[in-house]
Amino acid sequence: MKKMIRRLSLFVISVSVGLALLITLSACGSELNGTWTSIEDEDTHIKISGEKVKITYDEFRIDGTYELDDDGNIIFHLTDRNGNKYKIVAKLSTNQKNKTITLTNPKGESEVFEK
């Protein structure tokens, strides 16, 4: 259970960072829109469409919205199937050349996603 919670936290952080990056890129033509897959875990996906986001990991799914702040963070407002609400904040970094985003949580842990 502890491993699953840690994995979910890393996933959510990764998604958050990815979304922040996507929002930053959206100013340049909605480059964040689409499906982003974790380089570390191919079962982890972030799908962005406009302001909406869906994060999936195996059978786990969480939906919501995201926003970018002035400090380069992406903030996810998410709800799971049971109605539990989550707010995830992560630093968003983008690499337009390689079509990747990196989400970094407040602890400094990062996850890279590719489109």
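Remember, predicted model here, so these are calculated numbers, not experimental data. (Residues numbered from 1 in each chain as written. Predicted model: local features only at pLDDT ≥ 70, side-chain atom pairs only at ≥ 80, totals over all residues. Heavy atoms only, no water.)

A. Representation of the overall build of the chain in the model. On a plain count of helices and strands, the chain comes out with one helix and eight strands. Counting helices and strands in the order they occur from the N terminus, the chain gives α-β-β-β-β-β-β-β-β. Counting every position in the chain, which comprises 115 residues, the buried fraction comes to 37%. When contacts within the chain are restricted to residue pairs at least 6 apart in sequence, long-range pairs at least 24 apart make up 46% of them. A total accessible area of about 6,800 Å² is found for the chain, and carbon and sulfur atoms account for 48% of it. (Helix = DSSP H or I, 4+ residues; strand = E, 2+ residues; numbered from the N terminus. Buried < 20%, exposed > 50% of the residue type's maximum accessible area, 1.4 Å probe, protein only. Contact = heavy atoms within 4.5 Å. Areas by Shrake-Rupley, 256 points an atom, 1.4 Å probe, with all protein chains shown as cover.)

B. Highlighting the pattern of salt bridges. By the definition in use, this model includes one salt bridge. Here R61 ties to D63 by a salt bridge, and the two come within 3.0 Å at their closest N and O atoms. Taking the relative accessible area as the measure of exposure, R61 reaches 33% and is therefore partly exposed. Since its relative accessible area comes to 25%, D63 is described here as partly exposed. (Salt bridge = Lys/Arg side-chain N within 4 Å of Asp/Glu carboxyl O.)

C. Main features of the sheet that holds strand 8 (residues 110-114). As summarised here, the arrangement of the eight strands in space is 1-2-3-4-5-6-7-8, forming a closed barrel in which the pairing is antiparallel. Neighbour to neighbour, the strand axes of the sheet diverge by 30° on average, direction disregarded. Two elements, strand 1 (residues 34-38) and strand 2 (residues 44-49), share four bridges in a ladder whose sense is antiparallel. Pairing of W36 across the sheet is with I46, part of strand 2. (Pairing = 2+ DSSP bridges. Axes fitted to C-alpha atoms, helices over the stretch in contact; angles between N-to-C directions.)

D. Quick peek at the nonpolar core. The biggest cluster of nonpolar side chains holds 17 residues, and the ones touching the most others in it are I46 and V53. At the level of elements, strand 2, strand 3 (52-57), strand 4 (60-68), strand 5 (73-80), strand 6 (85-95) and strand 7 (100-104) are the ones that each hand at least two residues to this core. (Core = buried A, V, L, I, M, F, W, Y, C linked by side-chain atoms within 4.5 Å.)

E. Fine view of the confidence of the model for the chain. Confidence along the chain averages 83 in pLDDT terms, with 74% of residues attaining 70 or more. Of all the helices and strands in the chain, helix 1 (residues 2-26) carries the lowest mean pLDDT, 58, while strand 8 carries the highest, 96. Note on residues 25-29: pLDDT is under 50 here. Beyond four places in sequence and across chains, it has seven contacts. (pLDDT = per-residue confidence, 0-100.)

F. Spotlight on unusual backbone geometry. Phi is positive for D58, which is not a glycine, with a value near 50°. Tracing the backbone through its elements, the reader meets D58 in the loop between strand 3 and strand 4.

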